[in-house]
Amino acid sequence: MTMAHVTGYPRIGADRELKRATEAYWQGSLDRQALEATGRELRLANWAAQREAGLDLVTVGDFAFYDQVLDVSVMVGAVPPRFAAEDEVARGEVDLDTAFRMARGRAPSGAPAAACEMTKYFDTNYHYLVPELHPGQRFRLSSTRLFDQVEEAKAAGHAVKVALTGPLTWLWLGKGRGDVPEDFDRLALLDGLLDVYAEVLQRLAGQGVEWVQLDESALVQDLPLAWRQAYERAYHRLQAAPVKLLLASPFGGLGDNLSLTVSLPVAGLHIDGVRAPDELEAVLDRLLPHKVLSVGAIDGRNVWRADLALWRERLAVARMRLGERLWIATSCSLLHVPVDLEAETDLSLELKSWLAFARQKLDEVATLARLLDGRADAIDRERVEVASRALQARREAERLHRPAVAARLAGVSDDDARRRRPYAERAVAQQRHLALPLFPTTTIGSFPQTGEIRAARRAFRAGDLSREAYEAQMREEIAGAVARQETLGIDMPVHGEPERNDMVEYFGEQLDGFAFTRFGWVQSYGTRCVKPPILYGDVVRPAAMTVRWSEYAQSLTERPMKGMLTGPVTVLQWSFVRDDQPRETTCRQIALALRDEVLDLEAAGIRAIQIDEPALREGLPLRCAEWQGYLDWAVECFRLASAGVRDETQIHTHMCYAEFNDIIAAIAALDADVITIETSCSDMELLDAFQDFAYPNAIGPGVYDIHSPNIPEVDWMVALMDKAAERIPVERLWVNPDCGLKTRGWAEVEPALANMEEAARVLRQRHG
Ligand code: GLN
Ligand code: ZN
């Protein structure tokens, strides 16, 4: 029998029950017991769904109140001293509140302390808490949560497989902090860590667990030699554990780690058959005769229905060669897709028939396994039929393949992606056109999304507020924002984005080719969930999207009003993207739609246009060898969107981070006239990348950290800009916050911007 399982299941609940309960607990309106009860209910429901679908094993260990990587840190006792949990670690039970304090700096009990760093998990939009490591660190088993959950699943009568972040990937994701260099020799900690993993495996075996899946996605990245060797050392050591290990490598191909991986002494491998279908054969050829191979055939990263008939064919040989040693699974944890398609009552039936969310993917896994065994029942056969028909319809659907879009793309020339003149000449034309002072001031786009704005949007969406009334209110907001900026003296004002719910959704809703779910939530971090649009068809802009708002804002001031768009790479990156054509083709389509918007803005008298690309960096592939290919098309798309304007029209871009060292050439290749970035926390050292590269265009290094409620001092901002001026010629420096202000209140924003203006005045005197 071909075993069916998933590498993980979403824990937030179909109705985001976990989010609600956890936030209520933080606020004090739900007690610990009730929170734990919600967790238990969700786990039981998820296991029941897996079993009901016909999976042979349910997965335990994928549940976490905040983050599964954090839970491993807690389990091995890697709790930094500032959380004052020495007793808890010694006792072997770190409190849930301690874990919450590590995640967010505070919890209902315990003293607040600086939270651990959070960052993106491999190439997903999920964020994990970075394990904080230091030389000489000791580990010890410090939580029984995992074992309790195993008991829970067994008590409910399930056959259990445990899933955990593997020891090397946990170390790989970890870092030094503060006085400890980020990249100190973490491998020196391996032996101590393995002691705890061995103990965990031992206890799981004692509970009757047969299989433990260790997620080792570090194997799909470029690994230094020492790390490759450490894999051998670690898994030879863990070989002695009385459980069977399934070594999983989701999110990509194994590449040059393939031989290493197949030779490790584990009972089974799980590979990502969706991202790297071409490695299947090589793995099959090298797999030792006793090992299990779990093929991740069902896409855990995207929402499209699987082609079951195709997979049956693709895996027929593997089934023949491996017999019952072939397992079927999702490519990665279903954490990265929404929970249940059934809840979507507003999607067109056609689109719905092309999709599968987590619950539906369980059925796909189970059916595929039975198909391969030749024990498919009537329901399975029907499922394959329905899938094949739906996929056929999707291939032929007219709204997916619009000849005009293809023709326009085919007609794009190199000139379309190039400004007419080089930056130095454009800068002169722009200065004439815009008449800006030295150290011009601007903001990143959004202003506080007040309770009134959100209430108006809710009422409008619910049908309780007419479009006219809603838009009138938004115009009032804009007028208010423009007036405040006039008073403050901001040189390049913005309209403030009150009419935008979300920087991608706002554009997706106005473009053809996008669909929106009602409940398609995916966990981004902790209790934060996002609802990415589904980009299913060719992208067309039926009408201008932002022009009337920007035009209106410009009519209220003499100063150059900055138009505000979300860039093509960011729209792509934050959506579920169609899988029937290369991502770069889809991105070019978005770029051309935005290009039309840019030109319409220019024609409407907007003299500066910002195209945000906060997601450019996170689109980088996991393997360095693939970076350049990605950057080439990503840059081209930005340029396609932006390069159609006249010399005197100023193109801005914004990125919410400051790590540019390794992509600075691509950043320069965007050829934006002005780039605003996040630097306020790093003392401007991050400008070194720009200085070393002799970055030629203008830069606005954020001087004001919008993530903090504190009002930045004038002197502090002046000092930061002085440091910037040591690295970048003053004629090319702008003064601005480091990101949009929508999460702040006006009570903070107004004095902060007044100080920023004052700082600019000081700088003009000093450097003018
Ligand atoms: N223009 C957007 C804003 O100001 C940019 C948001 C972002 O950088 N993520 O909100
Ligand atoms: Zn930003």
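Residues numbered from 1 in each chain as written. Chains lettered and ligands numbered in written order. Predicted model: local features only at pLDDT ≥ 70, side-chain atom pairs only at ≥ 80, totals over all residues. Heavy atoms only, no water.

Under an unreviewed UniProt entry, the name given to the protein chain is 5-methyltetrahydropteroyltriglutamate--homocysteine methyltransferase, and the source organism is Halomonas saccharevitans.

Draft legend 1. Quick peek at the coordination of the zinc ion (ligand 2). Within the protein, the atoms that donate to the zinc ion (ligand 2) are H654 (NE2), C656 (SG) and C739 (SG), at distances of 2.0 to 2.2 Å. Sequence spacing of the donor residues for the zinc ion (ligand 2), all on one chain, is H-x1-C-x82-C. Taken together, the positions of H654 in strand 18 (residues 650-655) and C739 in the loop between helix 28 (714-727) and helix 29 (746-767) put the pair 85 residues apart, joining distant regions of the chain. Accessibility expressed as a relative area gives 3% for H654, which makes it buried. (Donors = N, O, S within 2.8 Å, 3.2 Å for Na, K, Ca; no water. Helix = DSSP H or I, 4+ residues; strand = E, 2+ residues; numbered from the N terminus. Buried < 20%, exposed > 50% of the residue type's maximum accessible area, 1.4 Å probe, protein only.)

Draft legend 2. Structural context of the environment of A356. One can find A356 in the loop between helix 14 (349-352) and helix 15 (358-373). Overall, the relative accessible area of 1% leaves A356 in the buried class. Between the C-alpha atoms of A356 and K742, which are 386 residues apart in sequence, the distance is 34 Å. Setting aside residues no more than four positions away along its own chain, A356 makes contact with N302, V303, W304, R305, L341, K361 and E364. (Contact = heavy atoms within 4.5 Å.)

Draft legend 3. How the structure looks around the sheet that holds strand 15 (residues 562-566). Overall, parallel pairing links the five strands, which are arranged 15-17-18-19-20 in an open sheet. The open sheet has two free edges, formed respectively by strand 15 and strand 20 (698-701), since each of these has just one partner strand. The sheet shows a mean angle of 20° between the axes of neighbouring strands, direction not considered. Note: strand 17 (residues 608-612) against strand 18, five bridges, orientation parallel. (Pairing = 2+ DSSP bridges. Axes fitted to C-alpha atoms, helices over the stretch in contact; angles between N-to-C directions.)

Draft legend 4. A look at the packing of aromatic side chains. Evaluation of the coordinates by the stated rule reveals 21 aromatic pairs. For the pair Y231 and Y235, a centre-to-centre distance of 6.1 Å together with 5° between the ring planes defines the contact as stacked. Of this pair, Y231 and Y235 both sit in helix 9 (residues 225-238), four residues apart, which is roughly one turn of that helix. What links up through ring pairs into an aromatic cluster is the set Y25, W26, F63, F65, Y66 and F100. Just above the ring of W304 sits the side chain of R394; from NZ or CZ to the centre is 4.0 Å. The lysine or arginine in question, K531, covers the ring of W521, its NZ or CZ lying 5.6 Å from the ring centre. (Phe/Tyr/Trp six-rings, centres within 6.5 Å; stacked < 30°, edge-to-face > 60°. Lys NZ or Arg CZ within 6 Å of the ring centre and 35° of its normal.)

Draft legend 5. Highlighting helix 2 (residues 32-53). Look at helix 2: 32 Å from first C-alpha to last across 22 residues, which is about the 32 Å you get at 1.5 Å a residue. Turning to helix 2, its buried residues are L35, E36, T38, G39, L42, R43, N46, W47, A49, Q50 and A53. Down the axis, helix 2 shows its buried residues gathered within 160° of arc, on one side only. Across from the buried face of helix 2, at angles greater than 90 degrees, the exposed residues are Q33, E41 and E52. In this structure, the buried side of helix 2 is in contact with helix 1 (17-27), strand 2 (58-60), helix 5 (96-104), helix 6 (145-155) and helix 15. Positive phi appears at G54, one or two residues downstream of helix 2, with a value of about 100°. (Expected span 1.5 Å × (residues − 1). Arc of directions from axis to C-beta.)

Draft legend 6. Geometry of empty space enclosed by the protein. Under the counting rule described, the total for this entry stands at nine cavities of 30 Å³ or more. Considering the residues around the largest cavity, the lining is formed by 35 residues, among which G61, D62, F63, Q68 and D71 are closest to the centre. Going through the elements one at a time, helix 3 (68-75), helix 5, helix 6 and strand 5 (160-165) are the ones with two or more residues in the lining of the largest cavity. Examining the composition of the lining of the largest cavity, we find that five residues originate from one element, helix 3, more than from any other. Its residues assigned to classes, the lining of the largest cavity shows 18 nonpolar, 10 polar and seven charged. Taken as a whole, the second largest cavity encloses approximately 60 Å³ of empty space. Its residues assigned to classes, the lining of the second largest cavity shows six nonpolar, three polar and two charged. (1 Å grid on protein atoms, 1.4 Å probe; cavity = no way out; pocket = protein on both sides within 12 Å on 5 of 7 lines; lining within 4 Å. Points joined across faces, edges and corners; volume = space filled by probe spheres on them. Nonpolar A, V, L, I, M, F, W, Y, C, P; charged D, E, K, R; others polar.)

Draft legend 7. The environment of L225, seen in detail. You can see L225 is positioned in helix 9. For the pair L225 and R732, spaced 507 residues apart in the sequence, the C-alpha separation amounts to 43 Å.

Draft legend 8. Structural detail: the UniProt feature "binding site: Zn(2+)" (unreviewed entry) in the protein chain. Here the UniProt feature "binding site: Zn(2+)" (unreviewed entry) sits at H654, C656, E678 and C739. Spanning 86 residues, the named residues nonetheless gather at one spot, since no C-alpha pair among them exceeds 8.8 Å. Residues within four places of H654 in sequence aside, it is in contact with I444, Q610, I611, D612, E613, P614, T676, I677, D738 and C739. For C656, the position within the fold is in the loop between strand 18 and helix 26 (664-669). Look at C656 and you get partly exposed, because its relative accessible area is 27%. (UniProt positions renumbered as here; feature names shortened; annotations may be inferred.)

Draft legend 9. Highlighting the site of ligand 1. The full set of residues close to ligand 1 is I444, G445, S446, E497, M503, M564, D612, P614, H654, C656, C739 and G740. A distance of 3.1 Å is found between a nitrogen atom of ligand 1 and a backbone nitrogen or oxygen belonging to I444. H654 places a side-chain nitrogen or oxygen 3.0 Å from an oxygen atom of ligand 1. Out of a free accessible area of 300 Å², ligand 1 has 91% covered by protein chains. Per-class residue counts for the shell around ligand 1 are six nonpolar, four polar and two charged. (Near = heavy atom within 4 Å. Polar contact = N/O pair within 3.5 Å; in protein donor to acceptor, adjacent residues only side chain to side chain. Areas by Shrake-Rupley, 256 points an atom, 1.4 Å probe, with all protein chains shown as cover.)

Draft legend 10. Spotlight on helix 8 (residues 190-206). In a regular helix each residue adds 1.5 Å, so 17 residues correspond to 24 Å; helix 8 covers 24 Å between its end C-alpha atoms and thus fits that length. Among the residues of helix 8, L190, L193, L194, V196, Y197, V200, L201 and L204 are the ones counted as buried. Buried residues of helix 8 fall within an arc of 160° about the axis and therefore sit on the same side.

Draft legend 11. Here's a closer look at the pattern of salt bridges. According to the stated counting rule, one finds 60 salt bridges in the structure shown. Put simply, E117 and K175 hold a salt bridge, and the shortest N to O gap is 2.9 Å. One end of the pair, E117, is in the loop between helix 5 and strand 3 (118-120); the other, K175, is in the loop between helix 7 (167-173) and helix 8, with 58 residues separating them in the sequence. By relative accessible area, which is 35% here, E117 ends up partly exposed. Among the residues examined, K175 registers a relative accessible area of 21% and is labelled partly exposed. (Salt bridge = Lys/Arg side-chain N within 4 Å of Asp/Glu carboxyl O.)

Draft legend 12. Looking closely at the pairing of strand 8 (residues 268-272). Of all five residues in strand 8, five are buried, a share of seventy percent or more. Both strand 7 (residues 244-249) and strand 8 contribute to a ladder of four bridges, which runs parallel. In the sheet register, A248 faces strand 8, and the bridge partner there is H270. As judged from the five bridges shared by strand 8 and strand 9 (residues 292-298), these two strands associate in the parallel manner. Paired with L269 across the bridge in strand 9 is L293.

Draft legend 13. Quick look at the sheet that holds strand 14 (residues 534-540). The three strands are arranged 11-14-16 in an open sheet whose pairing can be described as mixed. Looking along the sheet, the strands with just one partner apiece sit at the ends: strand 11 (512-515) and strand 16 (576-577). Bridge count for strand 11 against strand 14 is three bridges, and the pairing is antiparallel. If you follow F514 over to strand 14, its bridge partner there is L535. Against the sheet, helix 24 (residues 583-603) contacts strand 14 and strand 16, and its axis sits at roughly 50° relative to strand 14.

Draft legend 14. The arrangement of the environment of E713 in detail. Locating E713 in the fold gives a position in the loop between strand 20 and helix 28. Along the sequence, E713 and H270 sit 443 residues apart, while their C-alpha atoms lie 54 Å from each other.

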